[in-house]
Amino acid sequence: EAGVAQSPRYKIIEKRQSVAFWCNPISGHATLYWYQQILGQGPKLLIQFQNNGVVDDSQLPKDRFSAERLKGVDSTLKIQPAKLEDSAVYLCASSPRTSGGVTGELFFGEGSRLTVL
Amino acid sequence: KQEVTQIPAALSVPEGENLVLNCSFTDSAIYNLQWFRQDPGKGLTSLLLIQSSQREQTSGRLNASLDKSSGRSTLYIAASQPGDSATYLCAVSPPNAGGTSYGKLTFGQGTILTVHP
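Sequence positions are assigned chain by chain, starting from 1 and proceeding in written order. Just so you know, chain letters begin at A and ligand numbers begin at 1, following the order they were written in. Whole-chain, interface and lining totals are the exception, using all residues; otherwise, since this is a predicted model, local features are given only for residues with pLDDT of at least 70 and side-chain atom pairs are given and counted only at 80 or more. The side-chain quantities take in all heavy atoms of the structure and omit both hydrogens and water.

Caption draft 1: Structural context of the environment of Glu 3 of chain B. All names here are of chain B. Counting from the N terminus, the helices are the DSSP runs of H or I reaching at least four residues and the strands are the DSSP runs of E reaching at least two. Looking at the element boundaries, Glu 3 is found in the segment before β1 (4–7). Burial classification: accessible surface area is computed with a 1.4 Å probe over protein chains only, and a residue below 20% of its type maximum counts as buried, one above 50% as exposed, and the rest as partly exposed. Residue classification places Glu 3 among the partly exposed residues on the basis of a relative accessible area of 48%. A sequence separation of 24 residues divides Glu 3 from Asp 27, and the C-alpha atoms of the two residues are 7.6 Å apart. Once residues lying within four places of it in the same chain are set aside, the contact partners of Glu 3 are Ser 24, Phe 25 and Thr 26. Residue contacts are counted whenever heavy atoms from the two residues lie within 4.5 Å of one another.

Below you can see the structure in the form of structure tokens.
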């Protein structure tokens, strides 16, 4: 079974530029998450999708961050304009739904590392 | 607001030792608790998931326990090996409100484990 795919793996930009990250979840996983992990910290949830609808974006800085999940599969996360403090690893995760209930297990991609200069 | 703390922040042990990593959380109303492993420059790999109704889970040399009432979990690694060197993260999810909250993980900052030959 293929895992969660993310691209690009690395991106270096200057502040005020824009950047976009792409995620392809595990096939059949209805729920998709974007997390931000700043160096030395645990990941922090930015946004959660259920199919192609947003379930929770309360921690997404909406003045500069946007995300979409068209057709309920792939997702993109965009930052425009980037700030120095956006330097982080952006992790995408997906979650299955098991028969008879929800286990809640998350499967993470390898992340996209962003450096803002 | 849920807060997750991991102790110690870093741990260095010789190969073969049994070791314990600690995780504490402030709000005992959780859906589940997960332990993850993160290798440098990589994403997160799920190690063990404990549902709130369970007390422990085991996988190979790993054993995780959960005491929800006291807000604590421990990850026990038996007979450590250099390949176990990584950052270990624990994360908790809120109660499963409407079946969509389980993936909204709150992470600790991680324990950096080094196992030397």
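Caption draft 2: Expanded view of the sheet that holds strand β8 (residues 75–79) of chain A. Residue and element names in this part refer to chain A. In spatial order, the strands read β1-β3-β8-β7; together these four strands make up an open sheet with antiparallel pairing. Of all the strands in the sheet, the pair left with one neighbour each is β1 (5–7) and β7 (65–68). Strand-to-strand twist across the sheet, computed as the mean angle between neighbouring axes with direction ignored, equals 15°. By this definition, two strands are paired if DSSP reports at least two bridges between them. As paired strands, β7 and β8 are joined by four bridges and run antiparallel to one another. Following the sheet pairing, Phe 65 is matched in β8 by Ile 79. Every axis corresponds to a line fitted to the C-alpha atoms, with the helix fit spanning only the stretch in contact, and the corresponding angles, defined between N-to-C directions, vary from 0 to 180 degrees.

Caption draft 3: Up close: the state of the cysteines. Residue and element names in this part refer to chain A. Sulfur atoms of two cysteines make up a disulfide when they are within 2.5 Å. Under the defined criterion, the tally for this structure stands at two disulfides over all chains. Paired through a disulfide, Cys 23 and Cys 92 show a sulfur-sulfur distance of 1.9 Å. As the torsion about the S-S bond is roughly -70°, the Cys 23-Cys 92 disulfide counts as left-handed. Taken together, the residues span a long stretch of sequence, with Cys 23 in strand β3 (residues 19–24) and Cys 92 in strand β9 (residues 88–95) at a distance of 69 residues. The two residues Cys 23 and Cys 92 agree in class, both being buried.

Caption draft 4: A look at the sheet that holds strand β3 (residues 19–25) of chain B. All names here are of chain B. Strands sit in the order β1-β3-β8-β7-β6 across an open sheet of five strands; the sheet is antiparallel. The open sheet has two edge strands, β1 and β6 (56–59), and neither has a second partner. On average, each strand axis in the sheet is inclined to that of its neighbour by 15°, with strand direction left out of account.

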